[in-house]
Each structure stands twice: as C-alpha cells, then as structure tokens.
Amino acid sequence: MRTDRSTALRTHTCGELRGSDEGRTVTLTGWVNRVRDHGGVYFLDLRDRYGVTQVVTRPGEAAAELLESLAALRPEFVVQVSGRVARRPEGMVNPDRPTGEVEVVAERVETLAPSEVPPFVIEDETNAGEDLRLEYRYLDLRRPRLQRIIGMRHQVTMTTRRHLDGEGFLEIETPTLVKPTPEGARDYLVPSREYPGRFYALPQSPQLYKQILMVAGMDRYFQIARCLRDEDLRADRQPEHTQIDIEMSFVDEEDVYGLVERLVARLFTDVLGVGLELPFPRLDYDECLDRFGSDKPDLRFEGEIADFTAAVAGSEFQLFGAAVEQGQCVKGLVVPGGGALSRKEADALEEEVKLAGAKGLARAKVTAQGLETGFGNRLEPDRAQGMIAACGAREGDLIGVVVAERMKANRALGRLRACLAARAAAGAAPGDYRFLWVRHFPLFERDEETGRIAPAHHMFTMPLAEDLPRLESDPLAVRAQLYDLVMNGVELGSGSIRIHRRDIQERVMKVIGLDGETLERRFGFMLKAFQYGAPPHGGIALGLDRLVMQMAGSASIRDTIAFPKTTSALSLMDGAPSEADPADLEELHIRIAPRAARPQEGPGPP
RNA sequence: GGGGUCGUAGUUCAGUCCGGUUAGAACGCUGGCCUGUCAAGCCAGAGGUCGCGAGUUCAAAUCUCGUCGGCCCCGCCA
C-alpha cells in the first residue's frame, strides 16, 4: 500500500513524524488546532486527517518575522510550516500522541488560508448541538471522531468489495430513476419533463433489478446501493441510506447465511481486529418471539421470557386464573436485582410494556419467603413457587408479569427486555458482538388498516416448502424463507429466497388479492422477465450505515453519513429541500396548489 | 399524522413554576502579561432581537395562543 503522502506543498503529514526522523527538515500543512503562547515561545498544534504534530519556537532562535506570523495565527487557519524535526526534551514527551516524541522547530510559517472564528471548537468530544454541527458539517467532519468513523466506513466498503470480488460477485449498478412502486414505503418522485404528468421514482432498493439480473444470468451480484424512502425518520433511519445489496443464483438459505457470515467475519477482523465465532446462531421467528419478545433480540442480555400460564392456571387470583380460562397467556421476565428498584423506576418499566400495548405490568419481588406482591396474598403459595421455578428467579429479583394474548404479551415483554438489555449494555465494555439469524418469518401479515392480507416482506418471497399446502387454507400461518441478520438488538440486514416458479407466484398473488391488471401495471416487466427462465435465487441487503454505526460504537446513524439530514428530512447545511424556480416548474408541467388555509384558533381580541 | 422535550451571549447552560433591580456562569473571542506547554496559566475587556408572531398585563425571557426549528418516541418504514 502506498503510504507516502508527500505533495508539492508538504513533505509529511501531521501524523507520521517519529523520533527516528530527528534532524530531518520537513514541511507540514494542516489546520491550526491550538496555539499556546508563553511569551515569545510558541507551541502550535497542527492537525490534519492523519494526526496532530507540535510545532515550536525556541527562545533566542526564532526570527522576529517568524514570531510575528505565529502571533497572527488563530484556530482553523490553514498553514504551511517548515522546520527541523527535534526530539522533545526529557520529560516533555506527550505519550497520548503517536507524534508525541518529536516536535518541529519552526523556521518558516505561512498562512495558506485564514478562518473565521468557528461556531464551535473542533475537538473530539464537542458539546455543540447537533443542529449547529449539521449546519457546519465541514467543521464537524474535521473532528477526529468523525474522521475515524468515515474512515472506518471506507474500510468497510473496500473490504466488502474485495471480499465479494473474491467470491465471484460482480458489482453492477442499477438505475436511479426507476418505476414508482405503489406498495410499500412512499417513493420520492421525480417529474418527467418529456412526458407531462408522468414520474420516475427514486429507488427504495434495487430489489426488482437485482432479481432481473439473476434472470439475466449474472449469477452473483452486489452493489453498494443508495436507497431512498420518503418516510418519517428515527435515530437509526435516514431518507437516503446505503445497503450492501447482494443476490445469488442457485442457492438456499444456508448458502446466503454462509456468504454473509464470511463477509461479516472478514469485516470485523480486517476493520476492527475482532474475531467472530461462526456460524451465527439461527433462530426461528416464532421461537424468537416466545423467548425474547422481539424479532431482533439483544443476546448480550441473557434473560428470557418465562411462561407462567401453566403455573397459575386455576388460581383463585382473578387476574391470572380468569385470564388463563379465557385463553390468555401469563408471561413474565426476570429483572435481575430488580427487587431494589424504587416505585418510580418500576413504574418506568411498566410504561414500556404499556407502549407495546399491554394493560400493565404486575410486579413481584422474590424473597426468601416466596413472592412479595400487591397481589401476593391472593396468589396461592404453591403457584407462586411454580412461577419462581418457571423463570429461575433468585432472591432479590423482580418478576414483571404481563397478562395478554400470546403475541401481545411477547411484544410487551420484548420491549421490557430491550430496555433491560440497553441498560446492561450501557455499563458493559464495548466489543461484545452477538449476531444471530432470525428466520422463517410469516409470509403474510394482516394489514391493520384494510384488514387485508399483505406480504410481510415482498410478494416475491418464497414460502417454506413444508407450508406450501396451507397457502390458501391458512395463509397467515405460512412461514417464508425470509431472514434477518441481527446483532445486539439491531437489525443489520434482511433478505429472502425468492419465488422463481410461476405457479407459486400466481398462488401468492391470488392470496393477497392482486388482480391481473394491477399486477401487470406494477410488476409486468418483472413477471415477463420471469417467463424466460428464472433461476432459483435469493439474497440479502445489509444496512451499511447501521453496520458502521455498530462497529464504531456510535448511537446515531448520522455519525456514519458524511452529509446526513435531520429527523425532519432537512439538510441544514445547504437548506434542501428548497422552492423550485417557477420556470423549472413550468417546464415540468407542475403547478403548486396553495396549502389549504387552516382555521385560526388563536384567541382573538374580545 | 400524533405525542414528549428543548430553543436565553459565538457555544453549552442557569434564570421561566411563583411576571418586577443592570438577564448570569463556564468555555470560546479580543487585548495585556508570561521561556516548555500539550484542556497551558494569570489579569482585563467586548459580546444578548431571551427562535419568530400575536395576546393578557402598569410591566413578559417568565403567563396564553399560534408558528418555525432541533432531538426522542408512536404510527409509518415491502
């Protein structure tokens, strides 16, 4: 690898001088990190992407002209410094910096570009608000922390390219202006100038194209693909995000798992120096929800959901006994050491399960005598012992109990579990990476709004072979060859084996009630392609931004993107989106409808 | 679409409940002093549309309504 970064304006970077360079005459360029003036003796910290090097003047040695130019320096000035590399005097070495052994004794300092006083100080741990940092993103990106993360992202994409190339994949670009897809997320639309009233969409993902590439016989495809969705944002969601998009022909699920495991292991080894244990555990969706209450469990926290339904059946305690009779579940989760929680802390946990739709969280402290609860005296002691046995709680623990329909109870306790996991992870050392595959998701789900059956992933997902016979009779029970890659409670990727057989595709389309005309309009080109010999195929898309976020230990996806948008999809640096020039709109055959005036509700004068 | 929370000096915040003196602190900035710092130190100084608009009041950073923006969450995200 080429390491010489010398250019016309510099001989070395600010990160590479060492004791062995003593005596060398060098020229450095960079940004003024800080200047410390001790009354004629200057210390100048010069910063670039590679590090920080200290530049000094020695008493009596520096010319007046040099001192003058040093006195004029301010933070973030871009300067060029020439001088001689010297070892620092005894006791003056800075062990916190790779260049800390040496300093450059300045002979000449030239300002290449001055700088306004920056709105916030460029240092690793800034306390500047995020909106300000986004407005001045170029200053934010100068911070070593972000430089490190952006560098890590580069290493991840380069390693991905090298690795997939080594496994015979072709990197193929797919279009940015595509056909709108009426189902799924909202599209970003692009008006057509040539065709009044018609629109392109920006791709939500290259899904259809990568499948067509399989039909085209490309066999193995990947792309570092930009995906755009006009949906509301979150801490780990941006309107444009990047996926490592992969598709392979003649494969089954295990082929995809193996490929991704090798790729991810390589990334963690090459980029982080961390070895991962392969293969990752595989867990069926149903079991995953029963045990962890989530389809993306954080396995760093070991606690699992316990089922108390059998233990409390027939109890005189109405909340439990009657619920079981009505076919509901009584499930719970142990909060280790939770017996010491204050009322307020325990209430906060209850709020979590309520957010997931549970009516409440019954709490029981485990003591030497049994369960100490608000309902304890109404729950028979042997049933209380049965609960303790069922969840393995120990003295001092708290058992949180939810009574609800099975999946609702799972979801609620999953939320509680995620909360406990996050709390545990906050105190734990970083570097604990727990991967798993969650597979065999349901093929369909009921659309809560319309009540209709809709594909859980997309309509090209292959059902599990053994479930094919009940496709029509019990579609919601049909599982799919559909999988997520999960790490530490975060979904890093999602994929499936696709339907390549016309007959199965038609049955699936019939179940979701798509008529031929709608189908033709939306997916005609795709179905046509599939009539000309579609190979069995499948793939996955890994969220690059989230992956880098996890590898960098960052809490926000915005740290991993050079120019991210706010949670309201604004770009604070350039002000996008902005209003269009009327002439441009004219050309695009677009007229802006005035926003309907809202009724004034403010208090008027009496 | 909905909820929560925040918006005061260049920055991060206090002050807001309970309206009333000249709106404070730290960092940064400017000037001075200082011969080994690396978060340098010491002294002095400048710096405010209290997000914006309306209302209530003798009086609004403070109360009310609206609005704009940041962050977080629910819905949404095949």
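Note that this is a predicted model, so its numbers are computed, not measured.

Focus on the overall build of chain A
Moving on, step 1. Across its full length, chain A holds 16 helices and 22 strands.
Moving on, step 2. Within chain A, the proportion of its 606 residues that are buried is 47%.
Moving on, step 3. Taking the contacts inside chain A whose residues are at least 6 apart along the sequence as the reference set, 68% of them involve residues at least 24 apart.
Moving on, step 4. Accessible area of chain A: about 31400 Å², with a carbon and sulfur share of 50%.

Focus: the sheet that holds strand 16 (residues 398-404)
Moving on, step 1. Spatial strand order, 12-13-16-14-15: five strands in an open sheet with antiparallel pairing. Edge positions in the open sheet fall to strand 12 (306-307) and strand 15 (370-373), since each of these has one partner strand only.
Moving on, step 2. Pairing of strand 14 (residues 362-367) with strand 15, which is carried by four bridges, proceeds in the antiparallel orientation. Its bridge partner being in strand 15, alanine 364 is matched across the sheet by threonine 373.
Moving on, step 3. Taken strand by strand, helix 10 (residues 343-355) contacts strand 13 (329-335), strand 14 and strand 16, and its axis lies near 135° from that of strand 14.

Overview of a negative patch on the surface
Moving on, step 1. Together, Glu445, Asp447, Glu448 and Glu449 give the surface a local cluster of negative charge.
Moving on, step 2. Note that glutamate 445 resides in strand 18 (residues 444-446).

Focus: the packing of aromatic side chains
Moving on, step 1. Applying the stated criterion across every chain yields a total of 10 aromatic pairs.
Moving on, step 2. Seen in terms of ring centroids, tyrosine 285 and phenylalanine 441 are 4.8 Å apart; in terms of plane orientation they differ by 40°. Their pairing is tilted. Separated by 156 residues along the polypeptide, tyrosine 285 in helix 7 (residues 285-292) and phenylalanine 441 in the loop between strand 17 (435-439) and strand 18 bring together distant segments of the chain. An identical accessibility class is assigned to tyrosine 285 and phenylalanine 441; each is buried.
Moving on, step 3. Plain terms: the ring middles of tryptophan 437 and tyrosine 483 are 6.1 Å apart, the flat faces sit at 85° to each other, and that makes the pair edge-to-face. Remark: tyrosine 483 occurs in strand 20 (residues 482-487) and tryptophan 437 occurs in strand 17; sequence separation between them is 46 residues.
Moving on, step 4. We classify tryptophan 437 as buried; its relative accessible area is 0%.
Moving on, step 5. Exposure remark for tyrosine 483: the relative accessible area of 0% places this residue in the buried category.
Moving on, step 6. An aromatic cluster is defined as three or more aromatic residues linked by ring pairs; in this entry it consists of Phe268, Phe280, Tyr433 and Phe435.

A word on the pattern of salt bridges
Any two side chains of opposite charge can pair if their charged atoms end up close together.
Moving on, step 1. Evaluation of the coordinates by the stated rule reveals 49 salt bridges.
Moving on, step 2. Of the charged contacts, one joins glutamate 76 and arginine 142 as a salt bridge, the two residues approaching to 2.8 Å between their closest N and O atoms. You can see glutamate 76 sitting in the loop between helix 1 (64-71) and strand 4 (78-87) and its partner arginine 142 sitting in the loop between helix 3 (137-140) and helix 4 (144-166), a full 66 residues away along the chain.
Moving on, step 3. Residue classification places glutamate 76 among the buried residues on the basis of a relative accessible area of 4%.
Moving on, step 4. A salt bridge links aspartate 284 to arginine 439, with the nearest nitrogen and oxygen atoms 2.9 Å apart.

Structural notes on the nonpolar core
Moving on, step 1. Ile246, Phe268, Phe435 and Leu485 are the most contacted members of the largest nonpolar core, which totals 75 residues.
Moving on, step 2. Top contributing element to this core by residue count: helix 6 (residues 253-272), with nine residues.
Moving on, step 3. Residues in contact with isoleucine 246, not counting those within four places in the same chain, are Leu164, Phe169, Lys210, Tyr221, Phe222, Leu259, Leu263, Gly539 and Ile540.
Moving on, step 4. Of all hydrophobic cores here, the second largest spans 22 residues; its members include Phe317, Val334, Ala364 and Ile388.

What about the pairing of strand 20?
Moving on, step 1. Summarising burial for strand 20: six of the six residues are buried, a large majority.
Moving on, step 2. Neither face of strand 20 is exposed, since Leu482, Asp484 and Val486 on one face and Tyr483, Leu485 and Met487 on the opposite face are all buried.
Moving on, step 3. Pairing of strand 17 with strand 20 involves five bridges; the strand directions are antiparallel. Bridging across to strand 20, leucine 436 finds its partner in valine 486.
Moving on, step 4. Inspection of the sheet shows strand 20 paired to strand 21 (residues 490-497) by six bridges, in the antiparallel sense. Bridging from a neighbouring strand, leucine 482 pairs with serine 496 of strand 21.

Let's talk about the protein's contact with RNA strand B
Moving on, step 1. As a matter of local geometry, RNA strand B sits amid 50 residues, with Pro59, Arg74, Glu103, His457 and Thr567 nearest to it.
Moving on, step 2. Among atoms of RNA strand B positioned within 4 Å of the protein, sugar and phosphate together represent 54%.
Moving on, step 3. One nitrogen or oxygen atom from the side chain of arginine 74 is found 2.6 Å from a phosphate oxygen belonging to RNA strand B.
Moving on, step 4. Contact between RNA strand B and serine 205: a base nitrogen at 2.9 Å from a side-chain N or O atom of the residue.

Reading the values: the criteria
Residues numbered from 1 in each chain as written. Chains lettered and ligands numbered in written order. Predicted model: local features only at pLDDT ≥ 70, side-chain atom pairs only at ≥ 80, totals over all residues. Heavy atoms only, no water. Helix = DSSP H or I, 4+ residues; strand = E, 2+ residues; numbered from the N terminus. Buried < 20%, exposed > 50% of the residue type's maximum accessible area, 1.4 Å probe, protein only. Contact = heavy atoms within 4.5 Å. Areas by Shrake-Rupley, 256 points an atom, 1.4 Å probe, with all protein chains shown as cover. Pairing = 2+ DSSP bridges. Axes fitted to C-alpha atoms, helices over the stretch in contact; angles between N-to-C directions. Patch = residues over 30% accessible without salt bridge, like charges linked within 9 Å, V, L, I, M, F, W, Y side chains within 5 Å. Salt bridge = Lys/Arg side-chain N within 4 Å of Asp/Glu carboxyl O. Lys, Arg positive; Asp, Glu negative; His and termini not counted. Charge placed at Lys NZ, Arg CZ, Asp CG, Glu CD. Phe/Tyr/Trp six-rings, centres within 6.5 Å; stacked < 30°, edge-to-face > 60°. Core = buried A, V, L, I, M, F, W, Y, C linked by side-chain atoms within 4.5 Å. Near = heavy atom within 4 Å. Polar contact = N/O pair within 3.5 Å; in protein donor to acceptor, adjacent residues only side chain to side chain.

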